[in-house]
Every structure is written in structure tokens, then in C-alpha cells.
Amino acid sequence: MPTGIEPGRAERIVDRLHALHPKLMDLSTGRIERCLAALGHPERHLPPVLHVAGTNGKGSTCAFARAIAEAAGKRVHAYTSPHLVRFHERIRLAGTLVEEEVLAAALEEAEQANAGEGISVFEITTATAFLLFARVPADLLVLEVGLGGRFDATNVVPRPAACAVASVSMDHMEFLGNSLAGIAAEKAGIARPGVPLVTGFQAPEAMAAIERVAAEAGAPLLRRGRDWEIGPGGEGLLYRDAAGVLRLPRPGLPGPHQIDNAGLALAALRAWNPDWLDEATAAGGFREARWPARLQRLDSGPLAAMLPPGWELWLDGGHNAGAGEVLAEHLRAWGDRPAHLLVGIKKSKAADDFLRPLLPRASSVWAVAEPGQHLAMTPEEIVAASGGMARIGPHVADALEALLREADPGRPARVLICGSLYLAGEILKANGTPPA
């Protein structure tokens, strides 16, 4: 780090900004619009924007979109959330994580422009990101929605190049409502007149809501299975849309659900501009995409070293009912050996809905909460949500030790740590595996 740079300064500023959080939080764009106006409206001076919403898979879709564009030689900004270890993970400037001094200076500039008015941390840090994105030249901004879509702080971009809605399921019901159709409508609220809105597989009630919102907004809707498709073809995949057919490798991110996410990213980019996306470019992006804590295998570090030879340690931050279904399907594919789950969940989440599809496929389940894990549900609460099947860790290392005392070390098995992105962040810290 250059001389004179104060380590951790940016994150200390973020901590200070928590004091500005409104006492009564509502989803709206008024606060960030006021802050952006004071900053000179950087949201009006961005490179072309791919805006991505959804419940499950929107982060992976962003990772694929960035990898595909970078494989084409494009300079790509990216804004994602939450971070796992350091706040800086949320902002990439032309392909590189934002540097400490650059982020700290921009945060202070946004803080001064806001002038002490009530604003959420996500809103003011989004304004900060837009300030940086407007100042650094790039060919594309991959912009992930934080929560919902219609009233999310990111939904102030006047006219994105394209929008995408990844898989929608029940989550954040306290803000988005208690019906799948209602949640899908909120997610699709990023639609803009004349801007392509692309979606992958959705439940029928979610798709009906997305179709309605797109029609009301005047946004051309591109659906998987009708306007674009991706599926097995030879040793890899075949992708088809109105611009043609591409033969592609399987995605670098594991899990069958990632085929939908990779296809969604490609379809959205091609809806914006298909001319620069040839087969080799798309293939490179499919192979090279990386997204920490999404079925990430941990091959080294102190936690991985606890396991016997031949055992595997995996990490996933999925935390809602849809994520539970996806992980359960992956466990089914792992049927060649036992799978043991170490589960830690955030207090606001419906733990029983997440656990229900997983429990029948697990050889054992351990309830954990790591020191420092944000708003962690207690292991006892997780045990209750599992109907008594889970056992108390209470920490990941304790659970691994207890599991290994009773398991046959000579029989290879897999251990999956899951249930929370906050837990995933603590595991990456403990295992010395910083996100890329």
C-alpha cells in the first residue's frame, strides 16, 4: 500500500455512515436521488449499464456478464452486494477492485454532499459507487440490485442498456410482500421503456407478474424457452437466440442452476449488442467466471486441513427457500458419497423453508454460529427449525471435530457449509481464503 494511506479508513467511514440510517426505513429512491443531485448527478454519466435483479442467481449472473465482457477485451465496472470480507469487494473499476484511498475519498465526498440527511448505508455507498463509475472510463457497468428492484437505490439509472431478472423466490417478505407474484413484480420494476428485459426460468406466477410489469413499462421481454434457450449439446452446451447459435462449454461455476444464470447473462448482453459477442468470447466468459461462496470448494487453509484425505469442503451463501431447493438438487448429484451440512442462518430468514429440501439428502446436519457472524440465529434455533435433526456445533471447527469423531475417515465424504453470506464471509476469513 502506498505511503500515507491509512489501512481500513474506508470501512471506518462506512461504519460512521450507519448513524445516518433513517429511523423508519422504507424502500424508496428519494434519499439517494437527493444525494446524487448534490453530487452533480453522476448516474447520468455512466457507461452502458446491465441492470440485474432477482432473488437467487443475480450475483452469479453478474459474474458471468463481467467475465464474458472481459473475455471480449471490454473494460467492465461492477457493483455487487453484500461483500464477504471487505467492503471494497462491492466496487470494481474497469476490472479492478477499488483501492483504499480512492474509495475513502469518494465516501467522504458523498458524506459531505449528503450534509447529514437521513440515508441508508446502501443508498449512500451506491451514490459513492456511481460517482466513481462516472469518473473512470469503462465500456460496461454490471449493476446488481440490492433489494427488490422498483425502489432499490440502484434503480435511478435513466436508461440501462439492458435489464435482467434472475430466478425469483420468497425472500425479504417484510419489504417485498408475501406473494411470489408481488415479489416478482417488485424485481421487474427495473424495467424501462424500450430497454430489453431478459429473464430465465421462473415459476408461472412469477413469470406472469414479470410479463405484466414489462408490458406496462413498454419493455421488450425476452424469455428463456421462447426468445432464447440454452441446453446440452455434444460435450457442452448449445445457446440459441435471434442472433444465432453458439456452442459453449459448461460454466466454470458448479451446479446445474448456473447454466440458467450464464445463459441469462449472455442473453442480456446480446440483447444490448450482439456484434461483439462471438462464440470464442462467450466460451471464455463461461469458463472464467468466478463468484466466491457460491458452491465454492475450499481446497486449502486450516478448515480444509482438518478433513481426512479424499474429503471435500464446500461453501455456499444461499439462504432462502429457492437456494435450499438448488442446493438440494446439487446434493442429489453428490449421491456417490455422504454429504454433511454445517448450517448457520441469519435471524430474519425462514430457516425451516431453507432446510426443508436439504434435510432428506444430508447424512448429518450441524447447527453453527461463528463469532462475529452478523445477526446470526442461535444454533438452538436452527435445531428447532430442523425439527430436531440438526445437532449443535456450536462453531464450524467444533462441528468438524465432532463429525470426524464419529465418521469413517477412510470413506470419502463432502462437507457443505451453508445458510448465510455472513457465515460465508466469516469462513473465508477463518480459512484465509480472501475473495478474488
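Residues numbered from 1 in each chain as written. Predicted model: local features only at pLDDT ≥ 70, side-chain atom pairs only at ≥ 80, totals over all residues. Heavy atoms only, no water.

**Topic: the overall build of the chain**
What counts is decided by this rule: Numbering of helices and strands starts at the N terminus; helices are DSSP runs of H or I of at least 4 residues and strands are runs of E of at least 2. We compute the radius of gyration from the C-alpha atoms alone; for a globule the expected value is 2.2 Å times N to the 0.38, where N is the number of residues. When accessible area is computed with a 1.4 Å probe and restricted to protein chains, residues below 20% of their type maximum are described as buried, those above 50% as exposed, and intermediate ones as partly exposed. When charges are counted, Lys and Arg contribute as positive and Asp and Glu as negative, whereas His and the chain ends are disregarded. Charge positions are represented by NZ for Lys, CZ for Arg, CG for Asp and CD for Glu.
Across its full length, the chain holds 16 helices and 17 strands. The globule rule puts the C-alpha radius of gyration for 436 residues at 22 Å, and the 21 Å found for the chain is close to it. Judged by the C-alpha coordinates and their principal axes, the chain covers about 60 × 55 × 45 Å. Out of the 436 residues belonging to the chain, those deemed buried represent 58%. Each charge class in the chain was averaged separately, 43 positive and 50 negative side chains, and the resulting centres sit 2 Å apart.

**Topic: the sheet that holds strand β5 (residues 140-144)**
For clarity, the cut-off: A strand pair is defined by DSSP finding two or more bridges across the two strands.
Here eight strands make up an open sheet; going across it, the order is β4-β3-β2-β5-β1-β6-β7-β8 and the pairing mixed. Here the strands that pair on one side only, and so sit at the sheet edges, are β4 (96-97) and β8 (221-223). Sheet analysis places strand β1 (residues 49-53) next to β5, joined by four bridges and oriented parallel. Its bridge partner lying in β5, Leu50 is registered against Val142.

**Considering the pairing of β5**
Along β5, five of the five residues are buried, which leaves the element largely enclosed by surrounding structure. Neither face of β5 is left uncovered, since the one carrying Leu140, Val142 and Glu144 and the one carrying Leu141 and Leu143 both have all their residues buried. Bridge count between strand β2 (residues 76-79) and β5: four bridges; the pairing is parallel. Bridge pairing links Val76 to Leu140 in β5.

**Quick look at helix α4 (residues 100-114)**
Since the α-helix turns once every 3.6 residues, residues separated by three or four places project in the same direction. The test is simple: Multiplying one less than the number of residues by 1.5 Å gives the expected span of a helix. Here, the arc refers to the directions that run from the helix axis to the C-beta atoms. Every residue pair with non-hydrogen atoms within 4.5 Å of one another is taken to be in contact.
The end-to-end C-alpha distance of α4 is 21 Å, a good match for the 21 Å that 15 residues give at a rise of 1.5 Å each. For α4, every residue scored as buried is listed here: Glu100, Leu103, Ala104, Ala106, Leu107, Ala110, Glu111 and Asn114. The buried residues of α4 occupy an angular sector of 165 degrees when the element is viewed end-on, so they sit on one face. If you follow the buried residues of α4, they end up packed against α1 (9-17), α2 (30-38), β3 (91-93) and α5 (121-135). Looking one or two residues past α4, Ala115 carries a phi angle of roughly 55 degrees, positive in sign.

**Some points on the sheet that holds strand β13 (residues 312-316)**
Filter applied, for reference: Inter-axis angles, ranging from 0 to 180 degrees, are taken between N-to-C directions of lines fitted to C-alpha atoms, where helices are fitted over the stretch in contact.
Spatially, six strands are ordered β12-β13-β17-β14-β15-β16 in an open sheet, and the strand pairing comes out mixed. Each having just a single partner strand, β12 (296-297) and β16 (391-392) make up the two edges of the open sheet. Relative to strand β17 (residues 414-418), helix α12 (residues 321-333) is tilted by about 175 degrees, and along the sheet it contacts β13, β14 (339-343) and β17.

**Considerations on the packing of helix α7 (residues 180-187) against helix α8 (residues 204-217)**
Inclusion rule: Roughly parallel here means an angle under 35 degrees, roughly antiparallel means over 145, roughly perpendicular means 65 to 115, and every remaining angle is called oblique. Handedness of a helix crossing follows the sense of rotation of the near helix relative to the far helix, less than a right angle counterclockwise being left-handed and clockwise being right-handed. Ten residues, namely Ala, Val, Leu, Ile, Met, Phe, Trp, Tyr, Cys and Pro, are considered nonpolar, four, namely Asp, Glu, Lys and Arg, are considered charged, and the remaining ones, Gly among them, are considered polar.
In the contact formed by α7 and α8, the axes pass within 8 Å of each other and the chain directions differ by 40 degrees. Here α7 lies oblique to α8, going by the angle between them. Of the two elements, α7 crosses α8, and the hand of that crossing is right-handed. Contact residues: α7 offers Leu180, Ala181, Ala184 and Ala185, while α8 offers Glu205, Ala206, Ala209, Ile210, Arg212 and Val213. Its residues assigned to classes, the contact of α7 with α8 comprises eight nonpolar, no polar and two charged.

**Some thoughts on the domain arrangement of the chain**
What counts, and what does not: Those domain boundaries reflect an automatic or database domain assignment. Buried area adds together the accessible area that both of two parts lose upon being put together, with accessible area traced by a 1.4 Å probe. When a carboxyl oxygen of Asp or Glu lies within 4 Å of a side-chain nitrogen of Lys or Arg, that pair is called a salt bridge. Counting of polar contacts relies on pairs of N or O atoms within 3.5 Å, with two restrictions inside protein: one atom must be capable of donating a hydrogen and the other of accepting it, and residues adjacent in sequence are counted only when both atoms are side-chain atoms.
The assigned domain composition of the chain is domain 1 (10-288) and domain 2 (296-431). Taking the mean C-alpha position of each, domain 1 and domain 2 sit 28 Å from one another. Tallying the contact residues gives 13 residues for domain 1 and 15 residues for domain 2. Between domain 1 and domain 2, the buried area comes to about 1100 Å², and carbon and sulfur atoms account for 67% of it. Applying the counting rule to domain 1 against domain 2 returns zero salt bridges. The interface formed by domain 1 and domain 2 contains one residue pair in polar contact (both at pLDDT 80 or more). When its residues are assigned to classes, the side of domain 1 that touches domain 2 shows six nonpolar, six polar and one charged.

**Considerations on the packing of aromatic side chains**
The cut-off we apply is this: Two rings from Phe, Tyr or Trp (for Trp, the six-membered ring) form a pair when their centres sit within 6.5 Å of each other. Planes less than 30 degrees apart are called stacked, planes more than 60 degrees apart edge-to-face, and all others tilted.
The full count for this structure, using the stated rule, is six aromatic pairs. Ring centres 6.1 Å apart and planes at 25 degrees place the aromatic pair Trp228 and Tyr239 in the stacked group. Remark: Tyr239 occurs in strand β10 (residues 236-241) and Trp228 occurs in strand β9 (residues 228-233); sequence separation between them is eleven residues. A residue is classified by how much of its surface remains accessible, and Trp228, at 3% relative accessible area, is buried.

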